[in-house]
Amino acid sequence: MAKENQTEFLLLGFSDLRVLQGPLFWVVLLIYLVTLLGNSVIILLTQASPALHSPMYFFLRHLSVVEVLYTTDIVPRTLVDLASPHPRAISFQGCAAQMYIFIVLGIAECCLLTAMAYDRYAAICRPLHYSTLMSWRACAAMVGTSWFMGIITATTHTSLIFTLPFPSRPVIPHFLCDILPVLRLASTGKHRSEISVMTATVVFIMIPFSLIITSYARILGAILAMASTQSRRKVFSTCSSHLLVVSLFFGTASITYIRPRAGSSVITDRILSLFYTVVTPMLNPIIYTLRNKEVTGALRNVLKKQVSSP
């Protein structure tokens, strides 16, 4: 097919579920606003509070930046589509750009969550070497590597996928230009891209998750070796928030990208994608705020200063 005919895709969105479009619009809008507010609070709080100037909260701040950009790449377009009774077209370039940003931020989040697990391992299992292992230069290198890996992966995937031949006006049975729904529409030559997707899935889902599990297995061993019950509780409380976020992110990502194609359906794919692109970014700051005493304490101090200041 000639490239000049590949001008746009038709995003199905939720137009086949018109009864749900109105309520879903307001639910998604509310979740998006809460996501922006919650992650903005985390970003500002970890920057303004000296008590949160540590590697763990440095990573958390960058994770919140990723979440804000991640949802902003998806949700505004989804809200516009939900307000329309009919499927809306997205340009070939617009679809490629959305997928590119989506992949960059998704891979960056995988790497940041892995870095946060390593930070907890270093703090609990190697406390005497913590300042060396988690120096600010090392932390900056980990964050930079997270973004670099996202850019490299996104460039590879979008280049492979969007040079494939597509029908003249393909319909994407989804509300975003995700990898698998777009790849399935290609007329021919999908094999190389499918191998690339599978490789990236193993590298950026299975390997990071395995590293996180290994880190926490060692942390668990260190916790069980502690004599004091109070020390065990304190250590566990610092890890529980991160573990919950990891479970949400890698759980939905694994189901979406590792699940056999025969076991998938259009509605299931959209529900899963709605959860990890809209709901999870809202839950992360709530989890870290409610389950972390240092964050809640810093938030109270900042609010007290704001109230008491003239």
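What counts, and where the lines are drawn
- Residues numbered from 1 in each chain as written.
- Predicted model: local features only at pLDDT ≥ 70, side-chain atom pairs only at ≥ 80, totals over all residues.
- Heavy atoms only, no water.
- UniProt positions renumbered as here; feature names shortened; annotations may be inferred.
- Helix = DSSP H or I, 4+ residues; strand = E, 2+ residues; numbered from the N terminus.
- Rg over C-alpha atoms; globule rule 2.2 N^0.38 Å.
- Buried < 20%, exposed > 50% of the residue type's maximum accessible area, 1.4 Å probe, protein only.
- Axes fitted to C-alpha atoms, helices over the stretch in contact; angles between N-to-C directions.
- Left-handed = near helix turned anticlockwise from the far one by under 90°.
- Pairing = 2+ DSSP bridges.
- Contact = heavy atoms within 4.5 Å.
- Salt bridge = Lys/Arg side-chain N within 4 Å of Asp/Glu carboxyl O.
- Patch = residues over 30% accessible without salt bridge, like charges linked within 9 Å, V, L, I, M, F, W, Y side chains within 5 Å.
- Areas by Shrake-Rupley, 256 points an atom, 1.4 Å probe, with all protein chains shown as cover.
- Disulfide = S-S within 2.5 Å.

Going by the annotation in an unreviewed UniProt entry, the name recorded for the protein is Olfactory receptor, with Galemys pyrenaicus given as the source organism. The heading Function (unreviewed entry) in the UniProt record of the protein holds the text "Putative odorant or sperm cell receptor." As its UniProt record puts it under Sequence similarities (unreviewed entry), the protein is described as follows: "Belongs to the G-protein coupled receptor 1 family."

A. A look at the overall build of the protein. Within the protein, the secondary structure is distributed over 10 helices and 3 strands. Against the globule reference of 19 Å for 310 residues, the protein gives a C-alpha radius of gyration of 21 Å, in line with a compact fold. Oriented by its inertia axes, the alpha-carbon framework of the protein measures out at about 65 × 50 × 35 Å. Residues classed as buried in the protein amount to 49% of the 310 residues present.

B. Local environment of the UniProt feature "transmembrane region" (unreviewed entry) in the protein. Under the UniProt annotation, the feature "transmembrane region" (unreviewed entry) is placed at residues 24-46, 99-118, 139-162, 195-214, 235-258 and 270-290. Within the segment residues 24-46, helix and strand shares are 100% and 0% respectively, and the terminal C-alpha atoms sit 33 Å apart. Secondary structure across residues 235-258 comprises 100% helix and 0% strand; the distance between its end C-alpha atoms is 33 Å.

C. Focus on the packing of helix α3 (residues 92-125) against helix α5 (residues 136-161). Two numbers describe how α3 lies on α5: the axes approach to 7 Å, and their chain directions differ by 145°. Classified by chirality, the crossing of α5 by α3 is right-handed.

D. Structural view of the sheet that holds strand β3 (residues 171-172). With mixed pairing, 3 strands are arranged side by side in an open sheet as β2-β1-β3. Of all the strands in the sheet, the pair left with one neighbour each is β2 (88-91) and β3. Both strand β1 (residues 8-11) and β3 contribute to a ladder of 2 bridges, which runs parallel. Bridge pairing in β3 links L11 to I172. Against the sheet, α3 engages β1, β2 and β3, with an angle of about 80° to β2.

E. The pattern of salt bridges, seen in detail. Taken as a whole, this structure holds 3 salt bridges when the rule is applied. A salt bridge links D81 to R77, with the shortest nitrogen-to-oxygen separation between them at 3.1 Å. Note that D81 and R77 are positioned in helix α2 (residues 55-82) at a spacing of 4 residues, about one turn of the helix. Take D81: its relative accessible area is 9%, and that puts it in the buried class. Across the pair D81 and R88 runs a salt bridge, and its minimum N-O distance is 3.1 Å.

F. How the structure looks around a nonpolar patch on the surface. Together, M198, V202, V203, M206, I207, L211 and I258 make up a nonpolar patch on the protein surface, roughly 570 Å² of accessible area in all. Here the nonpolar patch gets 6 residues from one element, more than from any other, and that element is helix α7 (residues 191-224). By the element assignment, M198 lies in helix α7.

G. Highlighting the state of the cysteines. Counted under the stated rule, the structure contains 1 disulfide. At a sulfur-sulfur separation of 2.1 Å, the disulfide partner of C95 is C177. Taking the sign of the S-S torsion, -125° for the link of C95 and C177, the bridge is left-handed. Remark: C177 occurs in the loop between β3 and α6 (179-183) and C95 occurs in helix α3; sequence separation between them is 82 residues.

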